[in-house]
Amino acid sequence: MNKDGWRKVKLGDIMQNISDKKHGELRMLSVVHGTGLMYRDEYFNNAQYNDSKEALDKYKRCIPGDFINDLSTFSQGMEMTDKEGLVSPAYGVLRVNNTEEYLPEFLKYVFVRDDFIKSLQPYVKVGARQGKNIAWTDMSQVEIDIPPYSEQLQIADTLSHLDSLISVKGGGGVTHD
């Protein structure tokens, strides 16, 4: 810990990889980088999909505060969801272990920073099918700097306020299913 109370923690010490399946009754979510997650049917203007419950049971459930990571396009960071729903089994779903010590709303800003994304580079593997990949076992070893909880709260509130101002001006995002 440094003099300001900040400390380094490994992702694997503060988060866990979740694979909660067999919830085919839930709605599908789409990752919209820079915006978060949106219900697929709303984002794509009520487009109709023929997803059977049986097929959707293979998808992963996420809940508000979870982080969604496309393991093959991690270079855009991870998005935090404020919704319960289903994401593709190709995504990693990461959940904070102790939200009284580690604030997801603070971490959402950490996980899209260039320095965080660059810290993942040593763990990148080139796969034949999807190009560059990163496994949770490797990602869990990445260290991030965390301030005391009260400072996480202040930082998250300030950045959230700035995000609100930007969205009023018409910000947008990039989507991935």
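Position numbers for residues start from 1 in each chain and track the written sequence from start to end. At least 70 in pLDDT is required for a residue's local features to be given in this predicted model, at least 80 for side-chain atom pairs to be given and counted, and no such filter applies to totals for whole chains, interfaces and linings, which use all residues. Heavy atoms throughout the structure, all of them, feed into the side-chain values; hydrogens and water do not.

Moving on, we come to the pattern of salt bridges. The working definition used for a salt bridge is a side-chain nitrogen of Lys or Arg within 4 Å of a carboxyl oxygen of Asp or Glu. In the structure shown here, the tally under the stated rule is nine salt bridges. For the salt bridge of D145 with K8, the shortest nitrogen-to-oxygen distance reads 3.0 Å. In this pair, D145 sits in strand β12 (residues 143-146) while K8 sits in strand β1 (residues 7-10), placing the two residues 137 residues apart along the sequence. For each residue, the accessible area found with a 1.4 Å probe, counting protein chains only, is set against the maximum for its type, and the residue is called buried under 20%, exposed over 50%, and partly exposed in between. Judged by its relative accessible area of 52%, K8 falls in the exposed class. One salt bridge connects R27 with D41, and the closest N-O pair in it is separated by 2.9 Å. Of the two residues, R27 sits in the loop between β2 (15-18) and β3 (29-33) while D41 sits in helix α2 (residues 40-43), which places them 14 residues apart along the sequence. According to the relative accessible area criterion, R27 is partly exposed, its value standing at 36%. With relative accessibility at 28%, the residue D41 sits in the partly exposed group. Linked by salt bridges that have partners in common, D20, R61 and E84 make up one network. Only runs of H or I of at least four residues qualify as helices and only runs of E of at least two qualify as strands under DSSP, and these elements are numbered from the N terminus.

Each Phe, Tyr or Trp ring, with Trp reduced to its six-membered ring, pairs with another whose centre is within 6.5 Å; inter-plane angles below 30 degrees give stacked pairs, above 60 give edge-to-face pairs, and intermediate values give tilted ones. Summed over the entire model, instances satisfying the criterion amount to two aromatic pairs. Ring geometry for F67 and F111: centres 4.9 Å apart, planes at 85°, overall edge-to-face. A residue pair is termed long-range when its members are at least 10 positions apart, and F67 in strand β6 (residues 67-70) and F111 in the loop between α4 (104-110) and α5 (114-120) qualify at 44 residues. Relative accessible area serves as the criterion here: at 0%, F111 is assigned to the buried category. Feature note: the residues F67, F111 and F116 constitute an aromatic cluster, connected by ring pairs. Only Lys NZ and Arg CZ are tested; either one counts as a charge over a ring when it is within 6 Å of the ring centre and within 35 degrees of the ring normal. Against the face of Y39 rests R27, its NZ or CZ located 3.8 Å from the ring centre.

Let's shift gears to the nonpolar core. The set of buried Ala, Val, Leu, Ile, Met, Phe, Trp, Tyr and Cys residues whose side-chain atoms join them within 4.5 Å is what this entry labels a nonpolar core. Membership of the largest hydrophobic core comes to 25 residues, with the highest contact counts inside it found for L107, F111, F116 and I144. Every element with two or more residues in this core is listed here: α1 (11-14), β9 (91-96), α4, α5, α6 (136-139) and β12. Excluding anything up to four places from it in sequence, F111 contacts L11, M15, F67, G77, M78, F116, I117 and I144. Within the second largest apolar cluster, ten residues are counted, among which are I18, L37, C62 and V87. In this analysis, two residues are considered to be in contact whenever any of their non-hydrogen atoms come within 4.5 Å of each other.

Here the focus is the pairing of β3. Within β3, five of the five residues are buried, which leaves the element mostly enclosed by the surrounding structure. The alternating pattern of β3 places L29, V31 and H33 and S30 and V32 on opposite faces, both of which are buried. Paired strands, in this sense, are two strands between which DSSP finds at least two bridges. Note that β3 and strand β4 (residues 36-39) share four bridges and pair antiparallel. If you follow S30 over to β4, its bridge partner there is M38. Count of turn residues in the β3/β4 antiparallel hairpin: two residues, of which G34 carries a positive phi of about 95°.

Let us now look at the sheet that holds strand β7 (residues 79-80). Read across the open sheet, the four strands follow the order β2-β9-β6-β7; overall the sheet is antiparallel. At either end of the open sheet lies a strand with only one pairing partner, and these are β2 and β7. With four bridges connecting them, β2 and β9 associate as antiparallel partners. Paired with M15 across the bridge in β9 is V96.

By themselves, these observations are geometric and do not establish any function.
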